[in-house]
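Chain by chain, the residues run as shown.
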Amino acid sequence: MIELKHLTKKYDHFLAVSDLNLKIETGEFFGLLGPNGAGKTTTIGMLSTLLLPSEGEIYIDGERLTRKNNRLKRKLSVITQEYSMRQDMTMDEIMEYQGRLYYMPIKKIRERSEELLDFCGLIDYRRRTVRKLSGGMKRKLMVCRALLTEPEILLLDEPTAGMDALARRQMWNLLKKLNQQNLTILLTTHYMEEAETLCDRVGFMCNGVLEETDAPKNMIELLGRYTVDEVCPGGMKNHYFHRKEDAIQFLSDSSNETSLRNTTLEDVFLEKVGQQLERR
């Protein structure tokens, strides 16, 4: 279990993360959602110990996480937004280099590499250099590298940023399979569809503050499962309904152009956090 207690990060007079309190259960797939600058990457940085909190503490399975606690740090593995791999190395070389950094026996490195590259659908490209890989392949290779040391927790900072639609869906399927093996995953993203598809629970973050956490389905149910988009003189208005019959009745009564659809997590986010974004 991951537990963040009053986690705060300040840069001079700028408050990047403010008094963040959060529990993520073992085996849970949790999504931390918000716009650019919300504090998501800073939170990941503190969890990975690359950044030190200004205040607050992080606990993994009840034990306090510090930079000096290497045994506890080995339970976590991080995948960043940036491609952090040498372009002239092959997949096999990337994996071996990572394993040697953690003093893994060469036999174990090769066994795990074979297993992970096959699991991620990369085994046929293992001798191809990084510079010749597609963006999706590079992301998958980063997942393989992160899993080499058999972590219990995977921290993903916008792992599908810049991917095309097909590569993104392939990554989603991969992450689902990993989570089914009881790997705890913390995902930061500003793609609401991604979080709605993957996450057991999500938290909305804005201006460094965690606004609300719940299961995506519960959030949608609370707002209303059905949305009517109405084109008004002042712009588009969204109306939310718990019953489909009420939504259809609104469609019938409206003199404006309207359309009916299912409510999404993005609707919930915009209702909860949108006003704060507009005030920026």
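What counts and how
Residues numbered from 1 in each chain as written. Predicted model: local features only at pLDDT ≥ 70, side-chain atom pairs only at ≥ 80, totals over all residues. Heavy atoms only, no water. Helix = DSSP H or I, 4+ residues; strand = E, 2+ residues; numbered from the N terminus. Buried < 20%, exposed > 50% of the residue type's maximum accessible area, 1.4 Å probe, protein only. Contact = heavy atoms within 4.5 Å. Core = buried A, V, L, I, M, F, W, Y, C linked by side-chain atoms within 4.5 Å. UniProt positions renumbered as here; feature names shortened; annotations may be inferred. Pairing = 2+ DSSP bridges. Axes fitted to C-alpha atoms, helices over the stretch in contact; angles between N-to-C directions. Phe/Tyr/Trp six-rings, centres within 6.5 Å; stacked < 30°, edge-to-face > 60°. Lys NZ or Arg CZ within 6 Å of the ring centre and 35° of its normal. 1 Å grid on protein atoms, 1.4 Å probe; cavity = no way out; pocket = protein on both sides within 12 Å on 5 of 7 lines; lining within 4 Å. Points joined across faces, edges and corners; volume = space filled by probe spheres on them. Nonpolar A, V, L, I, M, F, W, Y, C, P; charged D, E, K, R; others polar. Right-handed = clockwise from strand over helix to strand, strands pointing away.

Points about the overall build of the protein chain
A tally of regular secondary structure across the protein chain gives 10 helices and 13 strands. Counting only C-alpha atoms and orienting by the principal axes, one finds that the protein chain spans roughly 70 × 45 × 30 Å. When burial is assessed residue by residue, the protein chain has 49% of its 280 residues classed as buried. When contacts within the protein chain are restricted to residue pairs at least 6 apart in sequence, long-range pairs at least 24 apart make up 65% of them.

Comments concerning the nonpolar core
Formed by 49 residues in total, the largest nonpolar core has its most connected members in L122, L141, L154, L178, V202, F204 and L265. Among the elements that make up this core, the one with the highest residue count is helix α5 (residues 135-147) (7 residues). If we ignore the near neighbours within four places in the chain, the residues touching L122 are M91, L117, M137, K140, L141 and C144. Judged by nonpolar contacts, the second largest core, of 23 residues, contains I2, L4, I44 and L65.

Quick notes on the UniProt feature "domain: ABC transporter" (unreviewed entry) in the protein chain
As recorded in UniProt, the feature "domain: ABC transporter" (unreviewed entry) lies at residues 2-232. Across residues 2-232 one finds 35% helix and 29% strand; the C-alpha atoms that close the span lie 46 Å apart.

Observations concerning the sheet that holds strand β4 (residues 55-60)
An order of β2-β1-β4-β5 is seen for the 4 strands of this open sheet, with the pairing classed as antiparallel. The strands lining the two open edges of the sheet, one partner per strand, are β2 (14-24) and β5 (63-64). Relative to β5, β4 runs antiparallel, the two being bridged by 2 bridges. By the bridge assignment, I60 is partnered in β5 with E63. Seen against the sheet, helix α1 (residues 40-47) touches β1 (2-11), β2 and β4 and runs at an angle of roughly 115 degrees to β1.

Some words on the packing of aromatic side chains
Evaluation of the coordinates by the stated rule reveals 2 aromatic pairs. Measuring from centroid to centroid gives 5.1 Å for F204 and F269, while their planes differ by 80 degrees, and the two rings are edge-to-face. In this pair, F204 sits in strand β9 (residues 201-206) while F269 sits in helix α10 (residues 265-278), placing the two residues 65 residues apart along the sequence. Side by side, F204 and F269 carry an identical accessibility label, which is buried. A cation sits over an aromatic face here: K177 above F119, 4.7 Å from the ring centre.

Brief notes about the layout of surface pockets
If you add up the space inside the largest pocket, you get close to 540 Å³. Lining the largest pocket are 19 residues, and of these S48, L76, S77, V78 and Y102 lie nearest its centre. Within the residue set of the lining of the largest pocket, elements represented by two or more residues are α2 (70-73), β6 (76-79) and α5. Ranked by residue count, the leading element in the lining of the largest pocket is β6, at 4 residues. The residue inventory of the lining of the largest pocket, partitioned by class, reads 8 nonpolar, 8 polar and 3 charged.

Considering the sheet that holds strand β11 (residues 226-232)
What links the strands of a sheet is backbone hydrogen bonding, and the strands pair in either a parallel or an antiparallel sense. The 3 strands are arranged β12-β11-β13 in an open sheet whose pairing can be described as antiparallel. Sheet topology places β12 (235-241) and β13 (257-262) at the edges, where each strand pairs with a single neighbour. Strand-to-strand twist in this sheet, taken as the mean axis angle between neighbours without regard to direction, amounts to 25 degrees. Bridge analysis of β11 against β13 gives 6 bridges, and the strand direction is antiparallel. Note on β13: the bridge partner recorded for T227 is R261.

A short note on the pairing of strand β7 (residues 153-157)
Judged by how many residues are buried, β7 sits mostly within the fold: 5 of 5 residues are covered. Pairing of β6 with β7, which is carried by 4 bridges, proceeds in the parallel orientation. By the bridge assignment, I79 is partnered in β7 with L156. Taken together, the 5 bridges between β7 and strand β8 (residues 184-189) define a ladder with parallel strand orientation. Bridging from a neighbouring strand, D157 pairs with T188 of β8. Since β7 and β8 lie parallel, the crossover through helix α6 (residues 165-180) that links them has a hand, and here it is right-handed.

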